[in-house]
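# Reading the structure
Each chain, written out:
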Amino acid sequence: MQAAQASGPSVLDTPLCKLLGIRYPIVQAGMGNAAGIELAAAVSNAGGLGILTATMVAPEVVKESIHAMRRRTDKPFGVNLLLHQDLSPPADFAMDPAVVQSVQGKLNDFRRELGIPESHATPGKLPPLIQMAYEVIVRERVPVFSIGLGNPTVSMVEECHDNGILVMAMVSTLEDALAVQANGVDIIVAQGSEAGGHRSTWRKPPTSQHAAIGTLALTSAVVSEARVPVVAAGGIVNGRGIRAALALGAQGVLMGTRFLLTSESTASESYKQRILDSSSDETMVTDVFTGMYARVLRNTFTESYVRSNTPVLPPGRQYAATIDIVRAAETQQRPEYNALYCGQGIDDIQRVKSATEVMADIVQEVEATD
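Overview of the structure.

Quick notes on the rules
Residues numbered from 1 in each chain as written. Predicted model: local features only at pLDDT ≥ 70, side-chain atom pairs only at ≥ 80, totals over all residues. Heavy atoms only, no water. Core = buried A, V, L, I, M, F, W, Y, C linked by side-chain atoms within 4.5 Å. Buried < 20%, exposed > 50% of the residue type's maximum accessible area, 1.4 Å probe, protein only. Helix = DSSP H or I, 4+ residues; strand = E, 2+ residues; numbered from the N terminus. Contact = heavy atoms within 4.5 Å. Pairing = 2+ DSSP bridges. Axes fitted to C-alpha atoms, helices over the stretch in contact; angles between N-to-C directions. Salt bridge = Lys/Arg side-chain N within 4 Å of Asp/Glu carboxyl O.

## As for the nonpolar core
Soluble globular proteins: nonpolar side chains tend toward being buried together. Counting residues in each nonpolar core, the largest one holds 42 residues, and the members touching the most others are V79, L81 and F145. At six residues, the largest contribution of residues to this core is made by helix 5 (residues 129-139). Apart from the residues lying within four places of it in its own chain, the contact partners of L81 are A54, T55, I130, A133, Y134, I137, F145, S146, I147 and G148. Of all hydrophobic cores here, the second largest spans 23 residues; its members include L12, L39, V358 and V366.

Spelled out as structure tokens, the structure:
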């Protein structure tokens, strides 16, 4: 990958690069199922840090994905888990049957549209896949353990360090940044409210207006208090965004939506096209897909669900109730019923490119002389 030649030291040559063993301080977000092996390997091979997802993935699949990643690259990479307190370990909830039937009744409207079986069942407790995936990460000595929606315990961090694993945790408030720092993490990701996907808190806030700090404000605050490298995330899709983050003292950036719109991403073509056809004003923060707040594109699912005043089940249980709809919508290329996780930087994304092209374009933009 050829970058534009700049005079003097590169602005991208931050201490984070040396810590992670990468060329450019650009981290690809986990992004659930959209971040597969091909995408993560392409980002790592292009000089960034590719991240695999392991949340709600069977341990044998996590292991094989790590092995497949190592067959495709000899560069550092990470594996991401969501350590939300209601998911790891899976929490028990006493749910009102009337609430469950209200939720399933609304979801059946969508199931009928998609032609899939209706359901009136109470969603069951999720299996302990996150704990099992963590054990695989440690045994496989993955270079970086990437954490969203959670604060790893001191013993987890020490276990990772004993196995040569760096720990990177994402937070959405300064308070949470100080908490993960106190537990010994090596890198803090400051996730601004512009970010697509789940808001990275390990307890569900009272409303979507809590833990909703912009990327610039949060990055600046965390940098002022952190004793470890800070990575900025949220609405960053190009070189200008990276320059802004670095100017605030961040040592790198994490990007999700920009890498979702790559040829290697496993998101459906209808998902990608829907983002390209949308503007940043069409995103919203909602808990209707998983029971946890996340930024998505508005669509028929979100608008109809919210308008109906249907309640939302607890974290994880709402996911279990909606996952059949989301999977059917993805398979059927029906974005109006899909969970379209998306950040607010989409106005600056014009087309789908390969991950290698995206990396090259961003590096060139950052390093080009003014």
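## Focus on unusual backbone geometry
Here S88 and P89 are connected by a cis peptide whose omega angle stands at 0°. A positive phi angle, near 55°, is found at M31, a position not held by glycine. Turning to its location among the elements, M31 is positioned in the loop between strand 1 (26-28) and helix 2 (37-45). Here M31 falls in the partly exposed class, since its relative accessible area comes to 22%. A positive phi is found at M56, a non-glycine position, where the angle reads about 60°. Following the sequence through the fold, M56 ends up in the loop between strand 2 (50-53) and helix 3 (59-72).

## Topic: the sheet that holds strand 2
Taken together, the eight strands give an open sheet; going across it, the order is 1-9-8-6-5-4-3-2, and neighbouring strands pair in parallel fashion. With one partner strand each, in any of the chains shown, strand 1 and strand 2 form the two edges of the open sheet. Between one strand axis and the next, the sheet turns through 25° on average, direction left out of account. Bridge analysis of strand 2 against strand 3 (residues 77-82) gives four bridges, and the strand direction is parallel. Bridge assignment links T53 to a residue of strand 3, and that residue is N80.

## So, the pattern of salt bridges
Any two side chains of opposite charge can pair, given that their charged atoms come close. Considering all chains together, one arrives at 17 salt bridges under this definition. For K106, the salt bridge is made with D109, and the minimal N-O distance between the two is 3.4 Å. Placement of both K106 and D109 in helix 4 (residues 97-114) is noted, with a separation of three residues, approximately one turn of the helix. Relative accessible area serves as the criterion here: at 12%, K106 is assigned to the buried category. In this structure, E118 engages R112 in a salt bridge whose closest nitrogen and oxygen atoms are separated by 3.1 Å. One connected set of salt bridges, linked through shared partners, spans K106, D109, R112 and E118.

## A closer look at the sheet that holds strand 7 (residues 197-198)
Strand order in this open sheet of three strands is 7-11-10, and the pairing throughout is antiparallel. Of all the strands in the sheet, the pair left with one neighbour each is strand 7 and strand 10 (283-286). With two bridges joining them, strand 7 and strand 11 (residues 294-297) adopt antiparallel strand pairing. Opposite G197, over in strand 11, you have R295 as the bridge partner. Across the sheet, helix 12 (residues 300-307) is in contact with strand 10 and strand 11; its angle to strand 10 comes to roughly 50°.

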